[in-house]
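# Structural description and commentary
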Amino acid sequence: MATKLPPVDVVIVGSGWTGGIVAKELAPTGLKVVMFERGRPQDTYPDFAGPQAHDALKYTRRLHMVQDLSQETITFRNSMDQVALPIREHGFYWPGTNVGGSGAHWSGLTWRWLEWEHKMRSGTIAKYGKGIVPEDMNLQDWPVSYDELEPYYDKFEKVCGISGKAGNIKGRKVPGGNPFEAPRQNEYPTPPMTASHMMTLFDKATSNLGYHPFPIPTANCSQDYVNPDGIPLGQCHYCGHCTAYGCEANAKASPHFLMLPLARKNTNFELRANATVVKVNLAADGKRATGVTYVDARGRELEQPADLVILGAFVTGNVHLMLHSGIGRPYDPKTNTGVVGRNYAFQGGGGAFILLDKDVFTNPFMGSGALGSWIDDFNGDNYDFAKAGYIGGGGISLGNNSGDPLTYHPTMPGQPRWGRGWKKAMVDAYQHVSAIGHQGAVMSYRQNYFDLDPTYRDAFGRPLLRLTFDWQENERKLMAAHTAVCERIAAEITGRKQESAGTPRSFGRFNSARYQTTHNTGGVVFGDDPNTSALNKYCQSWDVPNVFVLGACVFPQNAGRNPTGPVGALAFWAADAITKKYLKRPGALV
């Protein structure tokens, strides 16, 4: 039986971006706040200090900052007629662990989603009519418009010192930026990063083809910067050890140094590491959370009573806690009813290799997690869905990110996969091969969803979360079309036809074993209708108003770009509602 602790005002599950933002915004209230982190404590010093900060075996092979799948995992299947099996190796999702969560090991791409990506259903129907939406597609709008969220996007960018070039300031198009972006009030706080040689080749080729290249907005700081909270960020070293690593220069924005020190200014704030929350406890009527139960490093089960519960874990962690705790009606794909587990989505991909002449060098060991050039010409609703035959788009880009010798082994298609031949092919390719990638939106469907697995349990005795997901025809068409665009750009760079980078995701069934992105969305989506959403516009549970849920799990669909920008903006949006509305009058905000 769990040991009951003295009550506090607020508990926050997770120490990543969302939990960190809420904890920081709550600091001036002086409330008793306890944050739970299942992983270890970590900080820039000593954990990310050189030379161990670049230990590729530790960080990119053994994934030191990613969830331990022997303790918690999910089961996966492609369709309801299959038996789901537990995932025991990291493939398509890398939930962060340790203080800072995924925000400490991310790459740093920080987007504002396009206006259409906040109103995918109404925006699509307004242009093309209802008939374009497939019957099984659960297309839904956000309950928050881009214009409402714009100040919070701006705040997140300034806190993180985002490096980039605006393309649309107050409706005025700005050369060098993204001409398709929605209007913003301000320029990025720091200028774009220095372009690599490969980026200049991509920019020239895409411009020749009539597209509109621009530098990727990134949380890898291009210069020394002090944010509005007075916290300094260092300049990126282009060291090539970014994704899956911590940053020794504090050039990569992370909640562990941007949020938690400010949360600790509240003397009533406490961070408990090595503490896994296993359940949100409810009152007898099921309409109010009474706190959480967690397991500490000694294996003790403890109950922490609280008046307010904030779930800020990774997508799978939040959905699991909601289902296991009985908050909101579980989704039933057969009837398309229920809300928790609904609208899971992933991202598509594809691309093309670029085989360069021997006197052209890519210098892959220099770069950062988000250094690259991008085009949005085929993203969002920037083209005609009716002519294309599918809904949703994707970004096309070329990056200089990491030539880490343990993970970067480029070879061209048709080369040996092992032995002396493979080694020679890799040596030949290392400095002379690059790739153009496509990152595609994925819509939500009634047959893609989360529920609790009836067979397998985690180390804490809970049923594992089960994911059912497969590509649908809409996404297969999208990936095939955009891969062809990548091949066209690659040919423009080299002057000759280039090979496809292979698009296993665009053919056959979805393969969960392969790393693709870790951009999972949905499961606890927000909306205006309690029949199709688990949360209202403030990310507050419709059923249990003293529970708020933050992160990419609230997105009704996935977009063709990274999620952290809107995740951070929505966390500030929700924190604003909590501090200015909820705390003054606890209860449903809608």
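Residues numbered from 1 in each chain as written. Predicted model: local features only at pLDDT ≥ 70, side-chain atom pairs only at ≥ 80, totals over all residues. Heavy atoms only, no water.

A few words on the sheet that holds strand E18 (residues 394-399). In spatial order, the strands read E8-E17-E18-E19-E16; together these five strands make up an open sheet with antiparallel pairing. Lying at the two open borders of the sheet, with one neighbouring strand each, are strand E8 (214-215) and strand E16 (348-355). Two strands pair when backbone bridges link them, and E18 and strand E19 (residues 433-440) are joined in this way by four bridges, in the antiparallel orientation. Bridging from a neighbouring strand, Ile396 pairs with His438 of E19. Across the sheet, helix H13 (residues 473-494) lies against E16, strand E17 (372-375), E18 and E19, angled at about 20° from E16, the strand it touches most. (Pairing = 2+ DSSP bridges. Helix = DSSP H or I, 4+ residues; strand = E, 2+ residues; numbered from the N terminus. Contact = heavy atoms within 4.5 Å. Axes fitted to C-alpha atoms, helices over the stretch in contact; angles between N-to-C directions.)

Let us now look at the pattern of salt bridges. In this structure the tally under the stated criterion is 25 salt bridges. Across the salt bridge formed by Lys24 and Asp229, the nearest N and O atoms sit 3.3 Å from each other. Here the residue Lys24 occupies a position in helix H1 (residues 17-26), and Asp229 occupies one in the loop between strand E9 (225-226) and strand E10 (232-233), the gap between them amounting to 205 residues. (Salt bridge = Lys/Arg side-chain N within 4 Å of Asp/Glu carboxyl O.)

The next subject is the pairing of strand E20 (residues 449-457). Along a regular strand, successive side chains alternate from one face of the sheet to the other. Two strands pair when backbone bridges link them, and E20 and strand E21 (residues 463-468) are joined in this way by five bridges, in the antiparallel orientation. Counterpart to Leu452 in the pairing with E21 is Leu465. Linkage of E20 to E21, two consecutive antiparallel strands, is achieved through a turn of five residues, within which Gly461 is found at a positive phi near 90°.

Turning to the nonpolar core, a few remarks are in order. Side chains of nonpolar character tend, in soluble globular proteins, to be buried together. Trp17, Phe92, Leu149, Ile310, Leu311, Phe469 and Val547 are the most contacted members of the largest nonpolar core, which totals 113 residues. When residues of this core are assigned to their parent elements, the largest contribution, eleven residues, is made by helix H14 (residues 564-582). Excluding its chain neighbours within four sequence positions, the residues that come into contact with Phe92 are Ile74, Ile87, Tyr344, Phe346, Leu467, Phe510, Ser512, Arg514, Gln516, Thr517, Thr518 and Asn520. Judged by nonpolar contacts, the second largest core, of 17 residues, contains Met198, Leu356, Phe378 and Cys486. (Core = buried A, V, L, I, M, F, W, Y, C linked by side-chain atoms within 4.5 Å. Buried < 20%, exposed > 50% of the residue type's maximum accessible area, 1.4 Å probe, protein only.)

A few words now on the packing of aromatic side chains. With the rule as written, the count across this model stands at 34 aromatic pairs. Geometrically, the ring pair formed by Phe92 and Phe346 is edge-to-face, given 5.6 Å between the ring centres and 80° between the ring planes. Here Phe92, found in the loop between strand E5 (85-86) and helix H4 (102-105), pairs with Phe346, found in the loop between strand E15 (342-345) and E16; they are 254 residues apart in sequence, far enough to count as distant. Here Phe92 and Phe346 have matching classes, each one buried. Residues Phe548 and Tyr582 carry aromatic rings whose centres are separated by 5.5 Å and whose planes lie at 85° to one another, so their mutual orientation is edge-to-face. Residue Phe548 is located in strand E23 (residues 547-549), and its partner Tyr582 is located in helix H14; the two are separated by 34 residues in the primary sequence. The burial state of Phe548 is the same as that of Tyr582; both residues are buried. One cation-aromatic arrangement involves Arg184 over Tyr188; the distance from NZ or CZ to the ring centre is 4.1 Å. If you follow Arg561 out to its NZ or CZ, it ends over the ring of Trp111, 5.0 Å from the centre. (Phe/Tyr/Trp six-rings, centres within 6.5 Å; stacked < 30°, edge-to-face > 60°. Lys NZ or Arg CZ within 6 Å of the ring centre and 35° of its normal.)

Across the sheet, four strands lie side by side as E5-E4-E21-E20; this open sheet has mixed pairing. Here the strands that pair on one side only, and so sit at the sheet edges, are E5 and E20. Bridge analysis of strand E4 (residues 74-77) against E5 gives two bridges, and the strand direction is antiparallel. Counted as the bridge partner of Thr75 is Pro86 from E5. Along the sheet, helix H10 (residues 315-325) makes contact with E4, E20 and E21, crossing E20 at roughly 75°.

With respect to the secondary-structure elements, Thr18 resides in helix H1. Classification of Thr18 as buried rests on a relative accessible area of 5%. Within the structure, Thr18 has its side chain in polar contact with the backbone oxygen of Gly312 (distance 3.3 Å). Among all residues touching Thr18, those that are not within four sequence positions of it are Gly312, Leu550, Gly551, Val567 and Ala571. (Polar contact = N/O pair within 3.5 Å; in protein donor to acceptor, adjacent residues only side chain to side chain.)

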